[in-house]
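Inside the fold
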Amino acid sequence: MIRAYKFLMRPTVGQAQALSEMLRDHCSLYNGALQERRDAYRHVSRTSIKYGMQSAQLKEIRAFDPERQGRWSFSSQQATLRRLDKAFAAFFRRVKSGETPGYPRFRGVNWFDTVEFPKDGDGCRWDSTPHDPVTRVRFQGVGHVKVHRHRAVVGKVRTVSVKREGRQWFVVLTAEQEQPEPLPATGSVVGIDLGTANFLADSNGGFVPNPRHGRSNADRLEAAQQALAKFPRVRCDQRTANHRRAVAKVAKLHGRVRRQRLDHAHKTALALVREHDFIAHENLTIRNMVRTARPRPDPDEPGAFLPNGAAAKTGLNRSISDAGWGVFLTILHAKAESAGRVVIAVDPRNTSRRCPQCGHTSADNRTTQAKFHCVACGHTAHADTVGATNVLRAGLVRRDANPA
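Right, let's walk through the structure included here. (Residues numbered from 1 in each chain as written. Predicted model: local features only at pLDDT ≥ 70, side-chain atom pairs only at ≥ 80, totals over all residues. Heavy atoms only, no water.)

What about the side chain of serine 161?
Let me state the cut-off plainly: Elements are defined by DSSP. Helices are runs of H or I of four residues or more, strands are runs of E of two residues or more, and each kind is numbered from the N terminus. Whether a residue is buried, partly exposed or exposed follows from its accessible area with a 1.4 Å probe, protein chains only, as a fraction of its type maximum: under 20%, in between, or over 50%, in that order. It only takes one pair of heavy atoms within 4.5 Å for two residues to be counted as in contact.
If you trace the backbone, serine 161 turns up in strand 6 (residues 156–165). Residue class for serine 161 comes out buried when judged on its relative accessible area of 12%. In contact with serine 161, other than residues within four places in its own chain, are Thr114, Val115, Glu116, Phe170, Val171 and Val172.

Okay, here's the thing in structure tokens:
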């Protein structure tokens, strides 16, 4: 199995400048390759440029610009071109399936934060000074950078990536490991229902409160963004010192919320994996759930619109995004795989409207957001607990129908 590790780097001033220049030059390569594809397709010949054609030009590009493109690893530049190729492949796949995706865009220097090295030892070297008690990683054109390795790396390192987050630098490793020993069986099964009032409810009647990290930091973030909005929109190299500090403050607050959300997701998923052998959850299409409300034209007055509940839908969308369901489910599946647990996603339709006692399904069963009262048999319970119970039953049916 493949596991990722993320460690904070502590570069010197010169190394931090070199890392910034590496990101800048890889961003320039990405944008140049994108421009070449656009120009070729706009030509009367309608030529399609592929990855292989652009990768073959790297040798000439490096020889023409040795001070910039020639400084960095050839393999990392190939990875940047593959990144663009994947963006185009995803674009055409969505077009073919009938969606309306956005065309791959040019990247600003502040929006290009990652450089990947496809192989450890090719342009980079993890633990490059094994004789030194301080862990270091070496990058071509940068040197040996100190790393705060807070835990051991198990397995053989395959890829190494540099990532910038605000003013901090991180190294991300992927290591190939043997499948770990599964956790001891507990004999417990559970269904979970994700929500916004409570982060999740389980079929045993338990609840995990929603921490609402975004809402708790909203005031500080709003003040920081208002301070940033006072500065004119200029290129990053034309910003004043106060402008740069305002940008850094907003990025720092966003990073704090992101880390809090990740920490909560990891701890909640780990508790579920340790306590239960089987976990069922709803198969949520979160992208569709957070779409904006569609306008409702007024048939009696051309150019006018009827109320469509856009304000309430915007608040709901913000609460769903703040809860971070997608991140949590991704982490849950990864931890379950490592622990030898089974996680199944089931159809979410009518899970909170179907009575777990008599099976009667009706929208009238759920009288409020939290209260469930069956109009057929009179069964009452918390609506989220009812949803989790129905999710568990559907998950067990799927598991028994498709035994491993």
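Some points on the packing of helix 7 (residues 241–275) against helix 10 (residues 325–339)
Definition in use: Note on geometry: axes are C-alpha line fits, over the in-contact stretch for helices, and angles between N-to-C directions span 0 to 180 degrees. What sets the label is the angle itself: under 35 degrees gives roughly parallel, over 145 gives roughly antiparallel, 65 to 115 gives roughly perpendicular, and the rest give oblique. Each crossing is labelled by how the near helix is turned from the far one, with a counterclockwise turn of less than a right angle marking it left-handed and a clockwise turn marking it right-handed. Only Asp, Glu, Lys and Arg are considered charged in this grouping, and only Ala, Val, Leu, Ile, Met, Phe, Trp, Tyr, Cys and Pro are considered nonpolar; every other residue, Gly among them, is considered polar.
Two elements in contact, helix 7 and helix 10, have axes whose closest approach is 9 Å; the angle formed by their N-to-C orientations is 40 degrees. Regarding the angle of helix 7 to helix 10, the classification is oblique. Crossing angle aside, the handedness with which helix 7 passes helix 10 is right-handed. Touching Leu262, Ala265, His266, Thr268, Ala269, Leu270, Leu272 and Val273 of helix 7 are Val327, Phe328, Ile331, Leu332, Lys335, Ala336 and Ala339, all from helix 10. Partitioned by chemical class, the residues of the contact of helix 7 with helix 10 number 12 nonpolar, two polar and one charged.

A closer look at the layout of surface pockets
Rules: Here a cavity denotes a set of grid points, spaced 1 Å apart and computed over the protein atoms alone, in which a 1.4 Å probe fits but from which it cannot get out, and a pocket denotes an open set meeting protein on both sides within 12 Å along at least five of seven lines; residues with an atom within 4 Å of a point are reported as lining. Grid points are joined across faces, edges and corners, and a volume is the space filled by probe spheres set on the points.
Considering only enclosed or pocket space, the largest pocket measures out at about 2,000 Å³ in volume. Along the wall of the largest pocket there are 40 residues; nearest its centre are Asn110, Gly166, Arg239, Val247 and Ala251. Secondary-structure elements contributing two or more residues to the lining of the largest pocket are helix 1 (13–42), strand 6, strand 7 (168–176), helix 6 (218–229) and helix 7. Tallying contributions element by element places helix 7 first for the lining of the largest pocket, with 12 residues. Grouping the constituent residues of the lining of the largest pocket by class yields 14 nonpolar, nine polar and 17 charged. There is about 1,300 Å³ of room inside the second largest pocket. Ala4, Arg151, His266, Ile331 and Lys335 are the residues nearest the centre of the second largest pocket, which is lined by 32 residues in total. The set of elements that each furnish at least two residues to the lining of the second largest pocket consists of strand 1 (2–10), strand 6, strand 7, helix 7 and helix 10.

A few points about empty space enclosed by the protein
One water molecule sets the probe size; rolling that probe over the atoms shows where empty space is left. Tallying each qualifying case throughout the model produces one cavity of 30 Å³ or more. The space that makes up the largest cavity amounts to roughly 30 Å³. Forming the walls of the largest cavity are Phe199, Asn210, Pro211, His213, Arg261, His264, Asp322 and Ala323. Mapped by element, the contributors of at least two residues to the lining of the largest cavity are helix 7 and helix 9 (310–323). Taken together, the residues of the lining of the largest cavity break down into three nonpolar, three polar and two charged.

Concerning helix 10
Put simply, the test is: A helix's residues, less one, multiplied by 1.5 Å, set its expected span.
The terminal C-alpha atoms of helix 10 lie 21 Å apart, and with 15 residues this matches the ideal 21 Å at 1.5 Å per residue to within 8%. Phi turns positive one or two residues past the end of helix 10, at glycine 340, with a value near 75 degrees.

Overview of the sheet that holds strand 8 (residues 189–194)
Put simply, the rule reads: Strands are labelled as partners when DSSP assigns at least two bridges between them.
With respect to topology, five strands assemble into an open sheet ordered 10-9-8-11-14, the strand pairing being mixed. Here the strands that pair on one side only, and so sit at the sheet edges, are strand 10 (207–209) and strand 14 (342–346). Averaged over all adjacent pairs, the angle separating strand axes in this sheet is 20 degrees, with direction ignored. When strand 9 (residues 198–202) meets strand 10, the two strands line up antiparallel, connected through three bridges. The partner of leucine 200 across the bridge, within strand 10, is valine 208. Each of strand 8, strand 9, strand 11 (278–282) and strand 14 is contacted by helix 10, which is oriented at about 165 degrees to strand 8, the strand it contacts most. Against the sheet, helix 11 (residues 383–401) makes contact with strand 8, strand 9, strand 10, strand 11 and strand 14, and its axis sits at roughly 130 degrees relative to strand 8, the strand it touches most.

What to know about the sheet that holds strand 1
One open sheet accounts for seven strands, arranged 2-6-7-1-5-4-3; its pairing is antiparallel. Edge strands, defined here as strands with exactly one partner in the open sheet, are strand 2 (114–117) and strand 3 (124–126). Each strand of the sheet is rotated relative to its neighbour by a mean of 30 degrees, with strand direction disregarded. Of the strand pairs in this sheet, strand 3 and strand 4 (residues 136–139) are connected by three bridges, and their pairing is antiparallel. Looking at strand 4, one finds that cysteine 124 is bridged to phenylalanine 139.

So, the environment of glycine 326
Mapped onto the elements of the fold, glycine 326 is located in helix 10. Under the relative-accessibility criterion, glycine 326 is labelled partly exposed at 30%. Along the chain, glycine 326 and arginine 287 lie 39 residues apart, while their C-alpha atoms are 9.5 Å from each other.

Brief notes about the pattern of salt bridges
One side chain can pair with another of opposite charge once the charged atoms of both are near each other. Selection criterion: Just to be clear on terms, a salt bridge is a Lys or Arg side-chain nitrogen sitting within 4 Å of an Asp or Glu carboxyl oxygen.
For the structure on display, the rule yields 15 salt bridges. When the shortest N-O distance is used, the salt bridge between arginine 71 and glutamate 21 registers 2.7 Å. Of this pair, arginine 71 sits in the loop between helix 3 (58–64) and helix 4 (74–96) while glutamate 21 sits in helix 1, and the two are 50 residues apart along the sequence. Judged by relative accessible area, which is 28%, arginine 71 ranks as partly exposed. Taking relative accessible area as the criterion, glutamate 21 reaches 18% and is therefore assigned buried. As a salt-bridge pair, aspartate 347 and arginine 349 come within 2.6 Å of each other at their nearest N and O atoms. Connected through shared salt-bridge partners, Lys6, Glu165 and Arg258 make up one network.

Considering the environment of serine 319
Here serine 319 lies in helix 9. When sequence neighbours within four positions are dropped, the list of residues in contact with serine 319 reads Thr196 and Arg215.

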